[in-house]
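# Architecture at a glance
Listed below are the residues making up each chain.
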Amino acid sequence: MKKTEFLTELARELAKRNVADAADVMEEYEQHFAFKLADGYSEEEIAAKLGAPAALAAQFQAAEAPQRPGVGSCVLTKIGLGLTELFGGLLFLLLAAWELVMAAAAVACGVCAVGLLAKLGLFGLIPAMPYGCAVLLALTLLALGVLLAAGCVWYAAFLRQLVRAFGRFRHNVLARSKGCAVLPPLPAAPQLSGKGRRTLRRVALGAAVCFAACFVLTVIVSMIAAGAFPFWHAWGWFGYQG
């Protein structure tokens, strides 16, 4: 069954059963198709895994019937979710902190590269070296900065999707405890468009290759210019003068 056929039949079944918030349910299943298609699954595979639209609509109809779930079960579920949210919140804070670290590193690489190209000492943070070596090192840092920036973009998409997936998990756990129908789970992998994913992959790959090549070239040229393998000693870095 194709995506359009599946969603059309699902909408018809939801309307037949007078399911409340049918538009929200349809939107969730449309997003589910979009996520799975981005992961490489075919429309037929996604529809087959979801099951018959009539069965799905029947679950939401049953969810509207008066329910009297066990009080103890609901209380235990809420306590468990509270603990999960506590540890999950701490985890999300740590992940967000790592995103800031990556972003700061990317900015630092760019600043140092500009300082090298403009012959700026930046308060003594950039050690002295021949300008040709400085240019190569600047290119190396620029490539590393671009690589880190691409990583930041991917990581931000991953973190956003992880939060959304956790929210869906929480919703479904509460729905099950109340005897209500659940929505399809969300994947934790970053949900980027096909074009965005290809562009990010090309940028990251190009930056990685450029970084590796420039790094090796910088080391070789620096050793030749300094006339010694430990060129950093020859140039007096780290307070050592060879």
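Details of the structure are given in the entry above.
The sections below set out a description of the structure shown in this document. Keep in mind that this is a model prediction, so the values were computed, not measured.

This part is about the overall build of the chain. What the chain contains, in helices and strands, is 8 helices and 0 strands. Reading the chain from its N terminus to its C terminus gives the helix and strand order α-α-α-α-α-α-α-α. Residues counted as buried form 31% of the 242 residues belonging to the chain. Taking the contacts inside the chain whose residues are at least 6 apart along the sequence as the reference set, 69% of them involve residues at least 24 apart. Carbon and sulfur atoms make up 70% of the accessible area of the chain, which amounts to about 14200 Å² in all.

This brings us to the packing of aromatic side chains. Evaluation of the coordinates by the stated rule reveals 11 aromatic pairs. With 5.0 Å between their ring centres and 80° between their planes, Phe231 and Trp232 make a pair best called edge-to-face. Of the residues examined, Phe231 reaches a relative accessible area of 9% and is grouped as buried. Judged by relative accessible area, Trp232 falls into the partly exposed class, the value being 27%.

This next bit is on a positive patch on the surface. Together, Lys195, Arg198, Arg201 and Arg202 make up a positively charged patch on the protein surface. Structurally, Arg198 can be placed in helix H7 (residues 194-226). Of the residues examined, Arg198 reaches a relative accessible area of 45% and is grouped as partly exposed.

What follows concerns the side chain of Thr140. With respect to the element layout, Thr140 can be found in helix H6 (residues 131-177). In this structure Thr140 comes out as buried when scored by relative accessible area, which is 3%.

What follows concerns helix H2 (residues 22-38). A rise of 1.5 Å per residue sets the reference length of H2, with its 17 residues, at 24 Å; its end C-alpha atoms lie 25 Å apart and thus fit the reference within 8%. For H2, the complete set of buried residues consists of Val25, Met26, Glu28, Tyr29, His32, Phe33, Phe35 and Lys36. Directly beyond the C-terminal end of H2, a positive phi value near 105° is found at Gly40.

What counts, and where the lines are drawn
- Residues numbered from 1 in each chain as written.
- Predicted model: local features only at pLDDT ≥ 70, side-chain atom pairs only at ≥ 80, totals over all residues.
- Heavy atoms only, no water.
- Helix = DSSP H or I, 4+ residues; strand = E, 2+ residues; numbered from the N terminus.
- Buried < 20%, exposed > 50% of the residue type's maximum accessible area, 1.4 Å probe, protein only.
- Contact = heavy atoms within 4.5 Å.
- Areas by Shrake-Rupley, 256 points an atom, 1.4 Å probe, with all protein chains shown as cover.
- Phe/Tyr/Trp six-rings, centres within 6.5 Å; stacked < 30°, edge-to-face > 60°.
- Patch = residues over 30% accessible without salt bridge, like charges linked within 9 Å, V, L, I, M, F, W, Y side chains within 5 Å.
- Salt bridge = Lys/Arg side-chain N within 4 Å of Asp/Glu carboxyl O.
- Lys, Arg positive; Asp, Glu negative; His and termini not counted.
- Charge placed at Lys NZ, Arg CZ, Asp CG, Glu CD.
- Expected span 1.5 Å × (residues − 1).

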